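Each chain, letter by letter, is given below.
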Amino acid sequence: MNRYIITITLLTLSNVFMTFAWYAHLKSMAEKPWVIAAFLSWGIALFEYLLQVPANRIGYEVMTVAQLKILQEAITLTVFVPFAIFYLKEKLTLDYLWAGLCILGAVFFIMRGKLAG
């Protein structure tokens, strides 16, 4: 399988774990002490790192660190927006669109050398 596809897949899966680790406790554990939420989040984050580290190693074979980071941010927003809307019941606003367009611009500029050939 293509290293780009493997990297994007692993980064997407790691982002799902990261998003739950960072934000799910806001809804599901709001009444619990923060330290309990922190330990649970660390446990979830372990799975994020088990995917993130190989994703970065594989991706670094075909991309620069800057390209990996910008790609990661684009994937983060792609995962976070549905999570915020469907899990946290946040209101969808045009700010998500503007943020997404800015990140797409960042992806374009950091990847344009690879895209050109």
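Residues numbered from 1 in each chain as written. Predicted model: local features only at pLDDT ≥ 70, side-chain atom pairs only at ≥ 80, totals over all residues. Heavy atoms only, no water.

For the protein, the name recorded in an unreviewed UniProt entry is DMT family protein, with Pseudidiomarina aestuarii as its organism.

What follows covers the side chain of serine 14. Here serine 14 lies in helix α1 (residues 3-28). For serine 14, a relative accessible area of 0% gives the class buried. A polar contact is formed between the side chain of serine 14 and the side chain of glutamine 52, at a distance of 2.9 Å. Other than its neighbours up to four places away in sequence, serine 14 contacts Glu48, Leu51 and Gln52. (Helix = DSSP H or I, 4+ residues; strand = E, 2+ residues; numbered from the N terminus. Buried < 20%, exposed > 50% of the residue type's maximum accessible area, 1.4 Å probe, protein only. Polar contact = N/O pair within 3.5 Å; in protein donor to acceptor, adjacent residues only side chain to side chain. Contact = heavy atoms within 4.5 Å.)

Moving on, we come to the nonpolar core. In this structure, Leu10, Leu11, Leu51, Ala55, Val62, Met63, Leu68, Leu71, Ile75, Val79 and Met111 together form the largest nonpolar core, which totals 11 residues. For this core, the elements supplying multiple residues, two or more each, are α1, α2 (34-60) and α3 (65-87). Take this core: its biggest share by element is four residues, from α3. Look past the residues within four positions of leucine 11 in its chain and what remains in contact with it is Gln52, Ala55, Asn56, Leu71, Gln72 and Ile75. (Core = buried A, V, L, I, M, F, W, Y, C linked by side-chain atoms within 4.5 Å.)

In this section: the packing of aromatic side chains. What the rule picks out here adds up to eight aromatic pairs. Relative to phenylalanine 109, the ring of phenylalanine 108 lies with its centre 5.1 Å away and its plane at 75 degrees, an arrangement referred to as edge-to-face. Through a chain of ring-to-ring contacts, three or more aromatic side chains come together here, namely Phe20, Phe83 and Tyr87. Against the face of tyrosine 87 rests lysine 27, its NZ or CZ located 4.7 Å from the ring centre. (Phe/Tyr/Trp six-rings, centres within 6.5 Å; stacked < 30°, edge-to-face > 60°. Lys NZ or Arg CZ within 6 Å of the ring centre and 35° of its normal.)

Here we come to unusual backbone geometry. Despite not being glycine, lysine 89 has its phi angle at roughly 60 degrees, a positive value. Among the structural elements, lysine 89 can be located in the loop between α3 and α4 (94-116). Lysine 89 gets classed as exposed once you look at its relative accessible area, which sits at 61%.

What follows covers a nonpolar patch on the surface. Side chains of Trp34, Val35, Ile36, Phe39 and Trp42 sit close together on the surface and give an oily, nonpolar patch of about 630 Å² of accessible area. One can find tryptophan 34 in helix α2. (Patch = residues over 30% accessible without salt bridge, like charges linked within 9 Å, V, L, I, M, F, W, Y side chains within 5 Å. Areas by Shrake-Rupley, 256 points an atom, 1.4 Å probe, with all protein chains shown as cover. Salt bridge = Lys/Arg side-chain N within 4 Å of Asp/Glu carboxyl O.)

Turning our attention to the pattern of salt bridges. What the rule picks out here adds up to two salt bridges. Between arginine 3 and glutamate 61 there is a salt bridge whose closest N-O contact spans 2.6 Å. With arginine 3 in helix α1 and glutamate 61 in the loop between α2 and α3, this residue pair connects regions lying 58 residues apart in the sequence. Taking the relative accessible area as the measure of exposure, glutamate 61 reaches 51% and is therefore exposed. Put simply, lysine 69 and glutamate 73 hold a salt bridge, and the shortest N to O gap is 2.8 Å.

When the terminal C-alpha atoms of α1 are compared, their 36 Å separation across 26 residues agrees well with the 38 Å that a helix rising 1.5 Å per residue should span. If you check which residues of α1 are buried, you get Thr7, Leu10, Leu11, Ser14, Asn15, Met18, Thr19, Ala21 and Ala24. Elements in contact with the buried residues of α1: α2 and α3. Of the residues that open α1, the one with a side-chain oxygen 2.6 Å from the backbone nitrogen of tyrosine 4 is asparagine 2. (Expected span 1.5 Å × (residues − 1).)

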